[in-house]
Amino acid sequence: MGSNARLTVVKPHAKTCLVVQLSCLGDVLQTLMSIKACKQLYPNVDYSLIVKSEYYDLIKETKWIKNIIPLSVSEFKESYKNSNEKKSVISKLAKWTLPNVQERWDFVVNWTFNDSSSYLASIFPAQVRLGYFRNEDQLLLMEDGWSYYINSVVQSNIEQNIHMTDIFTTQLLTAFQIHIGSPKKADNVAVSSKCFFSDSYDFEFQSQYRNNEWITIALDTKDNDNQYDENYWITFISKVLSRHNELNIFIVGSDKSSDMANKLKVEIEKSGVKSDLVRFFVGNHHYKNWISSLSLSQWLISNDSFFVHLASVLSTRVVCFSDKTGLHQISAYGTGNFLIKKQTKHNKTEFSSVVYATWSYGYSEWSHKHKKSLKDHFSQLGYLKFTEGLKIYRSHIRDASLGGGLDYEQMIEKSFSLEDLMKMIIGQVARKWFCGWAPPVGGGISSDLFTNKLIASLRELKESLFVLKKISIKSENICIEFKKRSSSIKKPYLMKTEDKNKILKLNDDLNQIEKLFYRTVQLHPELLFLLNSLKAFLHGPATEDLNEAVDKSLRAYQMTTEAIDVVEKWVNYSLDINKPKKVDLSNVVYLNLR
């Protein structure tokens, strides 16, 4: 259940790792960053990576991957729908699978995290598995703690503050440390760099454009509501080029962005913006130009997750914006990136002004050296009124004593909501569960962040946590009693009536307590991660071994109690630092005014 659930000893000479990543291209890029970080610490591990065939050209020359294996997922899906082609598809898939099945992998890692990939990942023989798999009965298996976390928290769209790149990296490094041993001393080499795809640069492109100063705009491929159309972008472009005459702009996008790009070209001509300052590279055939343009650019402005992650691996700073939940889904990895999170509707002119102001603040940091706040910058530009209903974050690497990894701090309204506080706490619970330690309680927060509304919510939460902890400990005790009873029974089918009745009674008690736990959590949506995690920990293939089933339930409730304990400590700390302070009268000087 935890990350060290299976302590298989890997043979010292066998260090091969197969990674299955059949998600979107943004996830593939995060995977490449994680593998590169792990390769620096464990250089003797050889990686193979299964990806969708349409992404192969972009990443085929990634030097730290020994073998990239393309899989035409869409072709297999379409052919399989046609009943006349099913046998042919199965034959093709078997032929594709054969060389990879014949190798005995030390690690097979499924970072796709969906049902269909769990079947594929299960056919590869391995000593250690991470991610989603299937057992012989085709039931879903998760054999490490971080997979449970992704299943119960990340994929449930519960806000948490651990970036997916950090989750991938920590999951794999934890497995390596357990099964291979301690890592080599790190050389402190950055994972991301302008040369991340050193063999994919178009040198003619580089020589043509490198003497100018550039930023890149990436058009969104999934903007179904048409929020960020040509009218939005022309407002932003006009502001940039009219106020920063040293700059030029690359505009990039996939085939799906072609129509918007054409409309934007028309708007640029109408607006009087010098068209020679703007260069378009829109269409999937421009892979190399996307990489080259981002490597030459100081900034990317976009809400498209693929381009955000592409900029991240190329060490290009990012301003991204989103109204989605989950910073882990859209946010750029690295220091000094900005995220604008929309919570209310804004018109296009207002929001393009917000994006411009955020970008121009980051762009001018060298001059004000952080002595000017983002709020003052907005106020200077006359845009402060547009920030209502927005949260603006800046990324930084969290101090190791607070858990490490990437974090985003609020830049304008430095106050906490209950959601903000719970994001921090959930991250600390995950570290307690799967890393074996938790940073000190209260790190990174101070009393000035708390509103009266938040303090009132925490008082309510404290009462429910007290109830939940009692329920969880009671469940643990029932499991312990259950285990005593079941361990004395050698043959269940010869069980005494008295033992059978007692076990049925204990089982009924446990079911009733579980229902009470569920009802209590449902009063506080912010505690939903506890319920989801408990369900995930209890999930798994049925077993006829009563002791094994009881052990699993006991461990699930022990981990739940651990989590409640962490939440409780943070809530108590938050309430304590917001208590009225007693004035020390010994240092008061009284003035005689007569």
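Residues numbered from 1 in each chain as written. Predicted model: local features only at pLDDT ≥ 70, side-chain atom pairs only at ≥ 80, totals over all residues. Heavy atoms only, no water.

(A) View of the overall build of the chain. Along the backbone of the chain there are 21 helices and 14 strands. Residues classed as buried in the chain amount to 54% of the 594 residues present. Residue pairs in contact within the chain that sit at least 24 positions apart in sequence constitute 69% of those at least 6 positions apart. Of the accessible surface of the chain, which amounts to about 28,500 Å², a share of 50% is contributed by carbon and sulfur atoms. (Helix = DSSP H or I, 4+ residues; strand = E, 2+ residues; numbered from the N terminus. Buried < 20%, exposed > 50% of the residue type's maximum accessible area, 1.4 Å probe, protein only. Contact = heavy atoms within 4.5 Å. Areas by Shrake-Rupley, 256 points an atom, 1.4 Å probe, with all protein chains shown as cover.)

(B) Region of the structure containing the packing of aromatic side chains. Enumeration according to the criterion identifies 41 aromatic pairs in this entry. Taken together, a centroid distance of 6.4 Å and an interplanar angle of 10 degrees make the contact between Phe113 and Phe168 stacked. Of this pair, Phe113 sits in the loop between strand 4 (105-110) and helix 5 (115-122) while Phe168 sits in helix 7 (residues 164-179), and the two are 55 residues apart along the sequence. You'll find Phe113 and Phe168 in the same group, each marked buried. Between Tyr228 and Tyr232, the ring centres sit 5.3 Å apart and the planes meet at 65 degrees, which makes this aromatic pair edge-to-face. Look at Tyr228 and you get buried, because its relative accessible area is 3%. What makes Tyr232 buried here is its relative accessible area of 1%. Positioned above the aromatic ring of Trp64 is the side chain of Lys36, whose terminal nitrogen or guanidinium carbon lies 4.7 Å from the ring centre. (Phe/Tyr/Trp six-rings, centres within 6.5 Å; stacked < 30°, edge-to-face > 60°. Lys NZ or Arg CZ within 6 Å of the ring centre and 35° of its normal.)

(C) Main features of the confidence of the model for the chain. For the chain, per-residue confidence averages 86 on the pLDDT scale, and 87% of positions sit at 70 or higher. Within the model, pLDDT remains below 50 along residues 1-6, and this stretch shows 24 contacts once partners closer than five positions in the same chain are excluded. (pLDDT = per-residue confidence, 0-100.)

(D) Spatial organisation of the packing of helix 18 (residues 452-487) against helix 19 (residues 497-522). The interhelical angle for the contact between helix 18 and helix 19, taken along N-to-C directions, is 160 degrees, at an axis separation of 10 Å. As the angle between them shows, helix 18 and helix 19 are arranged roughly antiparallel. In this structure, helix 18 crosses over helix 19, and the sense of that crossing is left-handed. The segment helix 18 lies against helix 19, with Ser464, Val467, Leu468, Ile471, Lys474, Ser475, Ile478, Cys479, Glu481, Phe482 and Arg485 engaging Asp499, Lys502, Ile503, Leu506, Asn507, Asp509, Leu510, Ile513, Leu516, Phe517, Thr520 and Val521. Partitioned by chemical class, the residues of the contact of helix 18 with helix 19 number 13 nonpolar, four polar and six charged. (Axes fitted to C-alpha atoms, helices over the stretch in contact; angles between N-to-C directions. Parallel < 35°, antiparallel > 145°, perpendicular 65-115°, else oblique. Left-handed = near helix turned anticlockwise from the far one by under 90°. Nonpolar A, V, L, I, M, F, W, Y, C, P; charged D, E, K, R; others polar.)

(E) Structural context of the sheet that holds strand 5 (residues 126-134). Spatial strand order, 3-2-1-4-5-6: six strands in an open sheet with mixed pairing. Edge strands, defined here as strands with exactly one partner in the open sheet, are strand 3 (67-71) and strand 6 (140-142). Recorded for the sheet is a direction-independent mean angle of 25 degrees between the axes of neighbouring strands. Note that strand 2 (residues 46-52) and strand 3 share five bridges and pair parallel. Across the sheet, the residue bridging to Leu49 is Ile68, located in strand 3. Sitting on the sheet, helix 6 (residues 145-152) touches strand 5 and strand 6, and the angle it makes with strand 5 is about 10 degrees. (Pairing = 2+ DSSP bridges.)

(F) Up close: the environment of Asn151. Tracing the chain through its elements places Asn151 in helix 6. Here Asn151 falls in the partly exposed class, since its relative accessible area comes to 25%. In this structure, the C-alpha to C-alpha distance between Asn151 and Tyr132, residues 19 residues apart in sequence, is 9.2 Å. With near-sequence residues (within four places) excluded, Asn151 lies in contact with Tyr132, Met142, Ser156 and Ala536.

(G) Quick look at helix 10 (residues 258-271). When the terminal C-alpha atoms of helix 10 are compared, their 20 Å separation across 14 residues agrees well with the 20 Å that a helix rising 1.5 Å per residue should span. Looking at helix 10, one finds that the buried residues are Met260, Ala261, Leu264, Glu267 and Ile268. Buried residues along helix 10 cover an arc of 120 degrees about the axis, so they all sit on one side. Relative to its buried face, helix 10 has exposed residues pointing more than 90 degrees away, namely Asp259, Glu269 and Lys270. Looking one or two places after helix 10, you find Gly272, whose phi comes out positive at around 90 degrees. (Expected span 1.5 Å × (residues − 1). Arc of directions from axis to C-beta.)

(H) The arrangement of helix 16 (residues 374-381) in detail. Buried within helix 16 are the following residues: Leu374, His377 and Phe378. Viewed along the axis of helix 16, the buried residues span an arc of 100 degrees, placing them on a single side of the element. Summarising the contacts, the buried residues of helix 16 are in contact with helix 14 (348-363) and strand 13 (390-397).

(I) View of the nonpolar core. Judged by nonpolar contacts, the single largest core of 125 residues is most densely connected at Tyr149, Phe197 and Leu310. Looking at this core, the element that brings in the most residues is helix 21 (residues 546-576), giving twelve residues. In contact with Tyr149, not counting residues within four places along its chain, are Val154, Gln160, Ile162, Ile167, Ile426, Gly427, Ala430 and Phe434. Grouped together as the second largest cluster of nonpolar side chains are 44 residues, Val240, Phe321, Ile340 and Ala357 included. (Core = buried A, V, L, I, M, F, W, Y, C linked by side-chain atoms within 4.5 Å.)

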